[in-house]
Amino acid sequence: MNILILGSGGREHTFAWKISQSPLCKNLFVAPGNSGTAAIAKNVNIGVTDFPAIKNLVLEEQIEMVVVGPEDPLVQGVHDYFLNDDAIKHVKVIGPQKVSAELEGSKEFAKEFLYRHNIPTAAYESFTKETVEKGYQFLETLKAPYVLKADGLAAGKGVVILNDLEEAKSELKSMLVDAKFGQASTKVVIEEFLDGIELSCFVLTDGKNYKILPTAKDYKRIGEGDTGLNTGGMGAVSPVPFATDEFLSKIEERIVKPTINGFKKDNLPYVGFVFIGLIKVGDDPKVIEYNVRMGDPETEVVLPRLKNDFVEILLAMANGTLKDINIEIDERAATTIMLVSGGYPEAYEKGKEITGIDTIEGSIAFHAGADLKDGKVVTTGGRVMAITSYGANYQEAIKKSYQNIDKLHFDKMNYRKDIGFDL
Ligand code: AMP
Ligand code: GLY
């Protein structure tokens, strides 16, 4: 079959890498893609939320499956767009419909879902411009640190954690009254702070059945020792060493099962990936957030460990037959280190030539913010390339990634040298 992937990051290069290995895939397209996907698929320069252009491409190229990488098109209803158009409604779209994508699109919607289905999560209340005074009072009842979350999508920047009560109040005011995050902060969720170590759990579902993929841990801060600003993710490790069988079974019983049952009870149609952000508080998992897509860079360590034909799995998700799939996982650990542009996550320069990619041995370079220009691979974004390796354990895998990174270069290249330091 002909397959289209929407997106242009390391996650989408990894999807393309895995899908292109399947004998079930005839022609593979990526919109818009990057220099990594250009080598194994046909890139088409269409934006991920340009639904009419996506429809034209699907019809022209007889595409039968669309795999959605990022959250934006899902929250904007790309799946519904297909279902509501006779010419393309036969196409299998991997990614939930708009109503279900609200699990990522609205923090309040997610919190209400978690509470309704008794899934462990932080206590919270939500506030608007009209109730900002109540918000100040609520903050006064909490202990520091204070967790404030813009309700809507804010490009990963909408969560602010502050130690000082007065600062927290002024942040709440700037979110609600001064629209710091625009539309996204017309509502703000204030949460109890959870203290613990984070990990991500990835679930595939056809709406009725589910399968759990390996866990992963990402490193969100720019600086070593988990310091400095938040980024999209600076590296990842899978499996997560502290996720023992006992802990994993708590995740499945207390979180995954009630989540999938919740979709059924609430009539939330869901064919796609559920990314559950978790925190281990004491010995118990609690949900920090849902995302309705795979994580990036977690995908760069999770998919390389999946032994199955990925297209077979995607078809089973779309056809409602996921229960017949037996997930097979590579025993080896996988790790990835993200190379980023100097200055990221603040201002950075683009257009720097990346050299040494051909000299990589024993690792995989998943391209992210990188594209072809005059036959050269150049930087186009903050997160540039994820270097993934396998190993008998995560230490061995990380070592291999760092050895290969020594052979790579671009002007002002930066990366964290301590991925896995806390495990
Ligand atoms: P989110 O966008 O919801 O994933 O939040 C971004 C980050 O903020 C998370 O990865 C956590 O590190 C942190 N965070 C969010 N909610 C909480 C909470 N209730 N307690 C502690 N940390 C949190
Ligand atoms: N790495 C975190 C995310 O994809 O949201």
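As shown above, the structure is provided for reference.
Report follows, based on the coordinates. Fair warning: this is a prediction, and the values are worked out from it, not measured in the lab.

1. Section: the nonpolar core
Then, in step 1: Membership of the largest hydrophobic core comes to 49 residues, with the highest contact counts inside it found for Leu 4, Leu 6, Val 58, Val 66, Phe 82, Ile 276 and Tyr 290.
Then, in step 2: For this core, the leading source of residues is helix α10 (residues 245-265), giving six residues.
Then, in step 3: Val 58 has contacts with Leu 4, Ile 63, Val 66, Phe 82, Ile 88 and Val 91, leaving out every residue within four places of it along the chain.

2. Some details on the site of ligand 2
Then, in step 1: Taken together, Asp 218, Gly 232, Phe 275, Arg 293, Gly 295, Asp 296, Pro 297 and Glu 298 are the residues near ligand 2.
Then, in step 2: One of the side-chain N or O atoms of Arg 293 is found 2.9 Å from an oxygen atom in ligand 2.
Then, in step 3: Within the backbone of Asp 296, an N or O atom sits 2.9 Å from a nitrogen atom of ligand 2.
Then, in step 4: Residues that form the shell around ligand 2 fall into these classes: two nonpolar, two polar and four charged.

3. Looking at the site of ligand 1
Then, in step 1: Around ligand 1 lies a shell of 14 residues, among which Glu 191, Glu 192, Leu 194, Glu 198 and Glu 289 are the nearest.
Then, in step 2: A distance of 2.9 Å separates a nitrogen atom of ligand 1 from a polar atom in the backbone of Glu 192.
Then, in step 3: Separating a nitrogen atom of ligand 1 from a backbone N or O atom of Leu 194 is a distance of 2.8 Å.
Then, in step 4: Starting from 470 Å² of accessible surface for ligand 1 in isolation, the protein chains cover 88%.
Then, in step 5: The class makeup of the residues in the shell around ligand 1 is seven nonpolar, no polar and seven charged.

4. With respect to the pattern of salt bridges
Then, in step 1: Throughout the structure, instances matching the rule amount to 30 salt bridges.
Then, in step 2: Between Lys 89 and Asp 86 there is a salt bridge, with its nearest N and O atoms 2.7 Å apart.
Then, in step 3: For Lys 89, a relative accessible area of 44% corresponds to the partly exposed category.
Then, in step 4: Given a relative accessible area of 63%, Asp 86 falls into the exposed group.
Then, in step 5: Here Asp 296 ties to Arg 383 by a salt bridge, and the two come within 4.0 Å at their closest N and O atoms. Linking Asp 296 in the loop between β17 (284-291) and α11 (299-302) with Arg 383 in strand β22 (residues 383-391), this pair joins segments that are 87 residues apart in sequence. Arg 383 matches Asp 296 in its accessibility class, with the two residues each being buried.

5. Examining the packing of helix α6 (residues 98-105) against helix α7 (residues 107-116)
When two helices pack together, their arrangement is given by the angle between the helix axes and the distance between those axes.
Then, in step 1: The geometry of α6 relative to α7 is characterised by a closest axis approach of 6 Å and an angle of 100 degrees between their N-to-C directions. By the angle class used here, α6 and α7 are roughly perpendicular. Residues Val 99, Glu 102, Leu 103 and Gly 105 of α6 pack against Lys 107, Phe 109, Ala 110 and Phe 113 of α7.
Then, in step 2: Here the residues of the contact of α6 with α7 sort into five nonpolar, one polar and two charged.

6. With respect to unusual backbone geometry
Then, in step 1: Residue Pro 239 is bonded to the preceding Ser 238 through a cis peptide linkage, with omega at 0 degrees.
Then, in step 2: Its location among the elements puts Pro 239 in the loop between β15 (235-238) and α10.
Then, in step 3: For the bond from Asp 296 to Pro 297, the omega torsion is 25 degrees, close enough to zero to count as cis.
Then, in step 4: At Asn 118, a position not held by glycine, the phi torsion is positive, near 50 degrees.
Then, in step 5: Residue Asn 118 is classed as exposed on the basis of its relative accessible area of 67%.
Then, in step 6: One non-glycine residue, Asn 267, lies in positive phi territory at about 55 degrees.
Then, in step 7: Locating Asn 267 in the fold gives a position in the loop between α10 and β16 (272-281).

Cut-off values and rules
Residues numbered from 1 in each chain as written. Chains lettered and ligands numbered in written order. Predicted model: local features only at pLDDT ≥ 70, side-chain atom pairs only at ≥ 80, totals over all residues. Heavy atoms only, no water. Core = buried A, V, L, I, M, F, W, Y, C linked by side-chain atoms within 4.5 Å. Buried < 20%, exposed > 50% of the residue type's maximum accessible area, 1.4 Å probe, protein only. Helix = DSSP H or I, 4+ residues; strand = E, 2+ residues; numbered from the N terminus. Contact = heavy atoms within 4.5 Å. Near = heavy atom within 4 Å. Polar contact = N/O pair within 3.5 Å; in protein donor to acceptor, adjacent residues only side chain to side chain. Nonpolar A, V, L, I, M, F, W, Y, C, P; charged D, E, K, R; others polar. Areas by Shrake-Rupley, 256 points an atom, 1.4 Å probe, with all protein chains shown as cover. Salt bridge = Lys/Arg side-chain N within 4 Å of Asp/Glu carboxyl O. Axes fitted to C-alpha atoms, helices over the stretch in contact; angles between N-to-C directions. Parallel < 35°, antiparallel > 145°, perpendicular 65-115°, else oblique.

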